[in-house]
Amino acid sequence: MAQETLRENKMGTMPENRLLLSMAVPMMISMLVQALYNIVDSIFVSRICEDALTAVSMAFPWQNIIISIAVGFGVGINALLSRALGQKNAERVNQVAVNGLLLAGLSYLLVLVAGLIGIRAYMRTQTDIETIVNFGITYLNICILCSFGIFIEITFERFLQATGRTVYSMITQLTGAITNIILDPILIFKLGMGVRGAALATIVSQGVSCLWVVLFLFSKKSVLKLRVQNFLQSPRLILPCVGLGTATFIMQASESVLSVCFNSSLARYGGDIAVGAMTILTSVMQFALLPLQGISQGAQPILSYNYGAKNVERVRKTFRVLLTVCLTYSALIWAFVMLFPRVFAGIFTPDAELIEFTGRALRIYCAVLAIFGIQQACQITFVSIGKAVCSIIVAVMRKFVLLIPLIYLMPPLVPDPTLGVYLAEPVA
């Protein structure tokens, strides 16, 4: 009980600046580590053969969908759990936790069925080279069949975040990433398993992370008491979790759709160099914005907890701090991109022509990146205080209502159609 009181005091009384820092830094590290999974796999798989690397790269959008579902619903669980903690409603806390686990299980079954039905068709839409198709099917079959580990891991991580234990969430991610780095060369090369070994390394590392966080949350250190009867008492909590997590899911999952739209339009107007530049732009944006997402997710349990505790002034102060930090960060990143675009491009390619082209494209693509922090801070705040509809509207408006149509409408309206494609992002 003393430990529980200490955590409540931290969420409800610690100065907002210091509290946000203590919550956000572990979250930023966690998100950067999570991004390592695909990078590490790509590095080792590239040593097998070019077809293997292509296949694994084509498989990543599917994996991104899986992670987007898990993270999206996890955000909804986190918001409800933090609010219940702020209300000091122990019964509702445990009901939300158990329903979160059920939602993770249902999400896994949905992904499993979709995967079993659609993997081959998905790979066929990407390429007609049989070797690449077979490599991709092998990799995805294993990742999808055993994806329950990532669903349980991310759900339990959100439990840790909601109770203020973001450091343990970071340890969970580090455990999995280190395991993956160790297992990849062993399974791929030493045991000669190739692409199958890369997939096994990924799911085993996810399983290790899952085991670590499960053992922790079922230990005496955990404030959650997970009981089956809590679900039977309140299954209606699943829908609020889904509603609050939908905007996050849309923001993450839409990247796969946007990638297809950008590439198809760029292939028409700019050819291979424009498509290659888009790959670099996406990578730059992904890594540049990861800390911003970490800051936002670190703020979410603080906002939800104090909203549940009806501490309106503390919610307002936390939002002001979050908005200031997000806006400052996005403005700094924008300044670096505008001043040194070729430096960012050079991280991903040694080709001088591609660096020069990407440098110009990067300045256009990131033209209004300075104010992106406003959207990030507002959207996570909507989720934190239960305004699911507002959050979904913001996500859908930018990504689907504006950006996708503009990708095809902008090129004919400007002198250089290729740059017009890149211009769709800042206009949206």
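Not measured: the values here are computed from a predicted model. (Residues numbered from 1 in each chain as written. Predicted model: local features only at pLDDT ≥ 70, side-chain atom pairs only at ≥ 80, totals over all residues. Heavy atoms only, no water.)

## Digging into the overall build of the protein chain
How we decide: Runs of H or I in DSSP of at least four residues are treated as helices and runs of E of at least two as strands, each being numbered from the N terminus. Burial classes follow relative accessibility: with a 1.4 Å probe on protein chains only, a residue under 20% of its type's maximum area counts as buried, one over 50% as exposed, and anything between as partly exposed. Should any heavy atoms of two residues lie within 4.5 Å, those residues are counted as being in contact. For every accessible area listed, the method is Shrake-Rupley and the probe measures 1.4 Å; residues are considered covered only by the protein chains on display.
Helices and strands together make up the secondary structure of the protein chain, namely 17 helices and zero strands. Within the protein chain, the fraction of its 428 residues that count as buried is 53%. Contacts in the protein chain between residues at least 24 apart in sequence constitute 80% of all its contacts with a sequence separation of at least 6. Split by element, the accessible area of the protein chain, about 18,300 Å² in all, is 69% carbon and sulfur.

## A few points about the packing of aromatic side chains
Which entries qualify depends on this criterion: Ring pairs shown here join Phe, Tyr and Trp side chains whose ring centres sit within 6.5 Å, with only the six-membered ring taken for Trp; geometry is labelled stacked below 30 degrees between planes, edge-to-face above 60, and tilted in between.
Taken as a whole, this structure holds four aromatic pairs when the rule is applied. Ring geometry for phenylalanine 262 versus tyrosine 365: centroids 6.0 Å apart, planes at 65°, classification edge-to-face. Remark: tyrosine 365 occurs in helix H14 (residues 352-365) and phenylalanine 262 occurs in helix H10 (residues 238-269); sequence separation between them is 103 residues. Taken individually, phenylalanine 262 and tyrosine 365 each receive the classification buried, so the pair is uniform in this respect.

## Considerations on the pattern of salt bridges
Counted only if it meets this: Salt bridge criterion: a side-chain nitrogen from Lys or Arg within 4 Å of a carboxyl oxygen from Asp or Glu.
Per the counting criterion, the structure on display carries three salt bridges. One salt bridge in this structure joins arginine 342 and glutamate 356, with 3.0 Å as the shortest N-O distance. Placement of arginine 342 in helix H13 (residues 341-346) and of glutamate 356 in helix H14 is noted, with a sequence separation of 14 residues between them. Here arginine 342 falls in the partly exposed class, since its relative accessible area comes to 36%.

## Thoughts on the packing of helix H16 (residues 388-409) against helix H17 (residues 417-427)
Between two packed helices, both the angle of their axes relative to each other and the distance between the axes serve to describe the pair. Selection rule: Every angle, taken between N-to-C directions, lies between 0 and 180 degrees, and every axis is a line fitted to C-alpha atoms, over only the stretch in contact when it is a helix. The labels follow the angle: roughly parallel below 35 degrees, roughly antiparallel above 145, roughly perpendicular from 65 to 115, and oblique for the rest. A crossing counts as left-handed when the near helix is turned anticlockwise from the far one by less than a right angle, and as right-handed when that turn is clockwise.
Packing of H16 against H17 brings their axes to within 8 Å, and their N-to-C directions diverge by 160°. The angle between the axes of H16 and H17 places the two elements in the roughly antiparallel class. When you trace H16 past H17, the crossing you get is right-handed. In this structure, H16 uses Arg398, Leu403, Leu406 and Ile407 to contact H17, whose residues at the interface are Val421, Ala424, Glu425 and Val427.

## A few points about the environment of alanine 345
Position of alanine 345 relative to the elements: it lies in helix H13. Look at alanine 345 and you get buried, because its relative accessible area is 0%.

## A look at unusual backbone geometry
With the exception of glycine, most residues fall at negative phi, and the peptide bonds are largely trans. Despite not being glycine, lysine 310 shows a phi value in the positive range, around 60°. Counting through the fold element by element, lysine 310 comes out in the loop between helix H11 (271-308) and helix H12 (312-339).

## Description of the environment of glycine 373
Mapped onto the elements, glycine 373 comes out in helix H15 (residues 372-384). Taking the relative accessible area as the measure of exposure, glycine 373 reaches 0% and is therefore buried. In sequence terms glycine 373 and threonine 324 are 49 residues apart; their C-alpha atoms lie 8.4 Å from each other. Each residue touching glycine 373, except ones within four places of it in the same chain, is listed here: Leu292, Leu323, Cys326, Leu327 and Ser330.

## Observations concerning empty space enclosed by the protein
Rules: With a 1 Å grid spanning the protein atoms alone, the term cavity applies to any set of points in which a 1.4 Å probe fits but cannot get out, the term pocket to an open set with protein on both sides within 12 Å along at least five of seven lines, and the term lining residue to any residue with an atom within 4 Å of a point. Grid points are joined across faces, edges and corners, and a volume is the space filled by probe spheres set on the points. For this scheme, ten residues count as nonpolar: Ala, Val, Leu, Ile, Met, Phe, Trp, Tyr, Cys and Pro. Four count as charged, namely Asp, Glu, Lys and Arg, and the remainder, Gly too, count as polar.
Enumeration over the complete set of coordinates arrives at five cavities of 30 Å³ or more. Taken as a whole, the second largest cavity spans an internal volume of roughly 80 Å³. Considering the residues around the second largest cavity, the lining is formed by Met27, Ser30, Met31, Gln34, Val71, Ile154, Glu157, Arg158, Gln161, Gln173 and Gln297. At the level of secondary structure, the elements contributing two or more residues to the lining of the second largest cavity comprise helix H2 (16-45) and helix H6 (148-162). Looking at side-chain class alone, the lining of the second largest cavity contains four nonpolar, five polar and two charged residues.

## Overview of H14
To be explicit about the condition: Here the expected length of a helix is defined as 1.5 Å per residue gap, with one fewer gap than residues.
If you check H14, its first and last C-alpha atoms are 20 Å apart, about what 14 residues at 1.5 Å a residue would give, namely 20 Å. Restricting attention to buried positions, one finds in H14 the residues Leu354, Ile355, Phe357, Thr358, Gly359, Ala361, Leu362 and Tyr365.

## Considerations on the nonpolar core
We count it as follows: By nonpolar core is meant a set of buried Ala, Val, Leu, Ile, Met, Phe, Trp, Tyr and Cys residues that side-chain atoms within 4.5 Å join together.
Counting 48 residues, the largest nonpolar core has Phe262, Leu322, Cys366, Ile407 and Tyr422 as the members making the most contacts within it. Secondary-structure elements contributing two or more residues to this core are H2, H10, H11, H12, H14, H15, H16 and H17. With 14 residues, the single largest contributor to this core is H11. Those residues in contact with leucine 322 that lie beyond four places of it in its chain are Leu20, Ile295, Ser296, Ala299, Leu303, Ala377, Ile380 and Thr381.

## Remarks on a nonpolar patch on the surface
In plain terms, the rule: Residues enter patches when their relative accessible area tops 30% and they take part in no salt bridge; the joining distance is 9 Å for like charges and 5 Å for the nonpolar side chains Val, Leu, Ile, Met, Phe, Trp and Tyr.
A cluster of nonpolar residues, Leu21, Val25, Ile29, Leu174, Ile178, Ile182, Ile186 and Leu191, forms a patch on the protein surface that exposes about 670 Å² of accessible area. Those elements that place two or more of their residues in the nonpolar patch are H2 and helix H7 (166-190). In terms of residues, the nonpolar patch owes the most to one element, H7, which gives four residues. Residue placement: valine 25 occurs in helix H2.

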